[in-house]
Amino acid sequence: MDPSNEQSKQRRKPISMPTGVQLQTTPKPAPARFYLPLNVAFYLCFASHLLAALYAPIQDCDETFNYWEPLHYLTHGYGLQTWEYSPEYSIRSWAYVLIHAIPAKIAGLLGRSKILEFYALRVILAFICAATEIRLYSAISRVLNPRIGVIFLMIVAFSPGFFYASSAFLPSSFTMYTSALGLTSFMDWHGGPKTATGIMWFGIGALLGWPFAGALIIPFVIEEWLITLIGQADMFETFRRYLDGVVRCLIVLAIQVGIDAFFYHAPVVVPWRIVAYNVFGGKDRGPDIFGTEPWDYYVRNLLLNFNLWFVLAVASGPLFLLQSVIFKQKTTNQPSFRTLTFLIPFYLWLCIFTLQPHKEERFMFPAYPLLALNAAIAFHSFLAWIGSPNSFVFGKIPAKLKLAAVLPIIFLAINVGLLRIVGSVTAYRAPLQIYGTLQVPNATESGDTVCFGKDWYRFPSSHFLPNGVHAKFIKSEFDGLLPGEFHEGNTGFGLFPGTWLIPSGMNDRNEEDPGKYTDVQHCTYLVDSYMPGMRATEHEPLYLRDEKWERISCVPFLDASHTGTVARTLWIPDLPFIPPKYRRHWGEHCLLRRRNS
């Protein structure tokens, strides 16, 4: 990827715009260079995401049970099944799982290891994420400003939010990739508007990933229609581009429906079913039954995952309007209307999901590229403001003094993000580490079981269990609906009977099903955690202190209830001179084996 070749091509070929759009968007020559070459930028992003793929713990049990377990069923013939995959409800797309199962299976066959299959897929996702980010970085640098591009890159590479979202096997991460590509298409009008491509990418994210991600396209649609309505673009050509994009989406939908019909043995439009359940579910159904959060949940979450960059993203709109309207400063290479269009989608997304009672961290993933863009524009605008010799406030301050004041801010934001990443990885990675002893030859037999009680939601995936070893649940204080198991027999006509046979005990109201539990006497292995001071309950005895069980593998696990806010938020070294209130306190996450097994 040689930026000099790309720039020379752009200088040889003039920018083509819709008729009259030049009055609204004056073409600008390509910048002389990127602040960071594309290949170096890619290596930076990929290195960051690769570390996430190899070390980041699974943060959301939905990732395990709704995606890793169905993938394990497709590649190994057994796995845990949630109610969403019951043909009775069918609100999860097998098409999405299939496109991940193919490369995962190939990697597993080459490496002859299920764990390798798990990590190989995460590495592939990290690579794809980095590729989409570099496409957007390139567009930002050429269309808006090279400095905005390098700030965007800095946010992407060093923020905890991107670290965890980049390699997560979640539809919201998938839509984060497609959002970056869709934004790139709508931003880069070199050679003419790429409306059809933008619609296609946002459409793929909404159809195969998460239907609600389609809301991000609204500001870009409105922008082009406004340009058309005021006569600065040909209406027929605009309509043709939109029709082209819609047709591409319909082709993707047709393929998706065909794949899902193969697995469910019935025609199913999964995107509609997701919307119908979450929006029109009715009484005692819908997302709210799985928990609600206060209005400021995303403010707190995004501050943790982006610190200064989230503050700048929120301030980007007012700061841009202040500079454009009051100070008459131009901070990007685009007209104010276009720049404002790029800023609006993040605000739209944040408002929509702040108003929803049910909130989860992954719901913000699709808007992460837009958050980073807003923050980059805001920080660039701030730098332009204090760097201007005409500034009433900062004009008389020497440039070196300004630089000395700004650099610590950048270093602080980056280091706070890195400290949070290291803190989270070291505190919560135990569930990915305790199963190594099971991989030793002859450590297990076909038919052995690994049981989960109060730690059921920390189970990473059946990929960490040897072939023939099944995960089971024992009764704990949790009283909601746990996953069942995919049917493993060869019943009836067709492949993968577990995808089309209706399982027993499923419901869409999160009501407990006693049939999901096995008796602890039937468990060969057991996963349990212990924190200092923890008390036994009727359904959650302290198995680590029970003589019937022996420790096979134990790894320290953060005791969040006894660790202060600062130590939970950032990495604090475990050194004796650290004051007790700032120290991290530890428990254990263990794999146990029945002594008479």
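- Per an unreviewed UniProt entry, the protein chain goes by Mannosyltransferase and derives from Exophiala xenobiotica.
- Under the UniProt heading Pathway (unreviewed entry), the note attached to the protein chain is "Protein modification; protein glycosylation."
- Quoted verbatim from the Subcellular location (unreviewed entry) field of the UniProt record, the comment on the protein chain reads "Endoplasmic reticulum membrane".

1. Description of the state of the cysteines
Alright, step 1. By the definition in use, this model includes two disulfides.
Alright, step 2. The side chain of Cys554 participates in a disulfide bridge whose partner is Cys590; the two sulfur atoms lie 2.0 Å from each other. When the S-S torsion is 120°, as for the bridge of Cys554 with Cys590, the disulfide is right-handed. Taken as a pair, Cys554 in strand β6 (residues 549–558) and Cys590 in strand β7 (residues 586–594) lie far apart in primary sequence, 36 residues in all.

2. Digging into the pattern of salt bridges
Alright, step 1. Going through the model one piece at a time under the given rule, you end up with 20 salt bridges.
Alright, step 2. For the salt bridge of Glu237 with Arg240, the shortest nitrogen-to-oxygen distance reads 2.8 Å. Linking Glu237 with Arg240, this pair stays in helix α11 (residues 235–264), spanning three residues, or about one helical turn.
Alright, step 3. Residue classification places Arg240 among the partly exposed positions, given a relative accessible area of 37%.
Alright, step 4. A single salt-bridge network, built from bridges that share partners, covers Asp60, Asp62, Glu360 and Arg362.

3. A short note on the packing of helix α15 (residues 336–354) against helix α16 (residues 368–387)
Alright, step 1. Their axes nearest at 8 Å, the elements α15 and α16 cross at an angle of 130°. In this view, α15 runs oblique relative to α16, as classed from their interaxial angle. The chirality of how α15 crosses α16 is left-handed. Counting all contacts with α15, which are made through Thr339, Phe342, Leu343, Pro345, Phe346 and Tyr347, the residues of α16 involved are Leu370, Leu371, Leu373, Asn374 and Ile377.
Alright, step 2. For the contact of α15 with α16, the per-class residue count stands at nine nonpolar, two polar and no charged.

4. Re the pairing of strand β5 (residues 525–530)
Alright, step 1. Taken across its six residues, β5 has six buried, putting it largely inside the fold.
Alright, step 2. Residues Tyr525, Val527 and Ser529 line one face of β5 and the alternating positions Leu526, Asp528 and Tyr530 line the opposite face, and both faces are buried.
Alright, step 3. Pairing of strand β2 (residues 449–452) with β5 involves three bridges; the strand directions are parallel. Bridging across to β5, Cys451 finds its partner in Leu526.
Alright, step 4. Where β5 and β7 come together, six bridges link them in antiparallel fashion. From the neighbouring strand, Ser529 faces β7, where its bridge partner is His589.

5. Focus: the sheet that holds strand β3 (residues 470–473)
Alright, step 1. Read across the sheet, five strands follow the order β3-β2-β5-β7-β6 without closing on themselves; strand pairing throughout is mixed. Two strands in the sheet have a free side with no partner beyond their single neighbour: β3 and β6. When strand polarity is set aside, the average angle formed by the axes of neighbouring strands in this sheet is 25°.
Alright, step 2. Two strands pair when backbone bridges link them, and β6 and β7 are joined in this way by nine bridges, in the antiparallel orientation. Paired with Ser553 across the two strands is Leu591, which belongs to β7.

6. Quick look at a nonpolar patch on the surface
Alright, step 1. Nonpolar side chains collect at one region of the surface, where Ile218, Ile222, Leu226, Leu229, Ile230 and Met235 lie side by side and expose about 580 Å² of accessible area between them.
Alright, step 2. The biggest single contributor to the nonpolar patch is helix α10 (residues 218–229), with four residues.
Alright, step 3. With respect to the helices and strands, Ile230 occurs in the loop between α10 and α11.

7. Focus on the packing of helix α6 (residues 146–158) against α16
Alright, step 1. With their axes 8 Å apart at the nearest point, α6 and α16 run at an angle of 130° to one another. As summarised for this structure, α6 and α16 are arranged oblique, according to the angle between their axes. For the element pair α6 and α16, the recorded crossing hand is right-handed. When α6 is examined against α16, the residues Arg147, Ile148, Ile151, Phe152, Ile155 and Val156 are found in contact with a partner set consisting of Pro369, Ala372, Leu373, Ala375, Ala376, Ile377, Phe379, His380, Leu383 and Ala384.
Alright, step 2. Among the residues forming the contact of α6 with α16, the class breakdown is 14 nonpolar, one polar and one charged.

8. Some remarks on the side chain of Asp513
Alright, step 1. As for its placement among the helices and strands, Asp513 is situated in the loop between β4 (484–485) and β5.
Alright, step 2. When its relative accessible area of 16% is taken as the criterion, Asp513 is described as buried.
Alright, step 3. Of the polar contacts made by the side chain of Asp513, one reaches the side chain of Lys516; its length is 2.6 Å.
Alright, step 4. With residues up to four places along the chain from it excluded, the contact list for Asp513 reads Leu481, Ser504 and Gly505.

9. Concerning the environment of Phe382
Alright, step 1. Inspection of the secondary structure puts Phe382 in helix α16.
Alright, step 2. Separated by 51 residues in the primary sequence, Phe382 and Thr331 place their C-alpha atoms 9.3 Å from one another.
Alright, step 3. If near-sequence neighbours (up to four positions away) are discounted, Phe382 is found in contact with Leu319 and Gln323.

Calculation criteria
Along each chain, numbering runs from 1 in the same order as the chain's sequence is written. It should be noted that, the model being predicted, local features are given only for residues of pLDDT at least 70 and side-chain atom pairs only at 80 or more, the latter also being counted only at that level, while totals for whole chains, interfaces and linings use all residues. To obtain the side-chain values, all non-hydrogen atoms of the structure were included, while hydrogens and water were left out. UniProt positions are given in the numbering used here, feature names are shortened, and annotations may be inferred rather than shown by experiment. For this text, the term disulfide refers to a pair of cysteine sulfurs within 2.5 Å. Counting from the N terminus, the helices are the DSSP runs of H or I reaching at least four residues and the strands are the DSSP runs of E reaching at least two. What makes a salt bridge here is a side-chain nitrogen of Lys or Arg within 4 Å of a carboxyl oxygen of Asp or Glu, nothing more. In this scheme, a residue with accessible area under 20% of its type's maximum is buried, one over 50% is exposed, and one in between is partly exposed, where area comes from a 1.4 Å probe on protein chains only. Helix axes use the C-alpha atoms of the stretch in contact, all axes being lines fitted to C-alpha atoms, and the angles between their N-to-C directions lie in the range 0 to 180 degrees. If an angle is under 35 degrees, it is roughly parallel; if it is over 145, roughly antiparallel; if it lies from 65 to 115, roughly perpendicular; otherwise it is oblique. With the far helix as reference, a near helix turned anticlockwise by less than a right angle produces a left-handed crossing, and one turned clockwise produces a right-handed crossing. Residue contacts are counted whenever heavy atoms from the two residues lie within 4.5 Å of one another. Residues were grouped as follows: Ala, Val, Leu, Ile, Met, Phe, Trp, Tyr, Cys and Pro as nonpolar; Asp, Glu, Lys and Arg as charged; and all remaining residues, including Gly, as polar. For two strands to be treated as a pair, DSSP must find no fewer than two bridges joining them. Patch construction takes residues with relative accessible area above 30% that form no salt bridge. Like charges are linked within 9 Å, and nonpolar side chains (Val, Leu, Ile, Met, Phe, Trp, Tyr) are linked within 5 Å. Computed by Shrake-Rupley with a 1.4 Å probe, the accessible areas treat only the displayed protein chains as cover when residues are assessed. Residues adjacent in sequence count toward polar contacts only when both atoms are side-chain atoms; beyond that, a polar contact is any pair of N or O atoms within 3.5 Å, and within protein one must be able to donate a hydrogen and the other to accept it.

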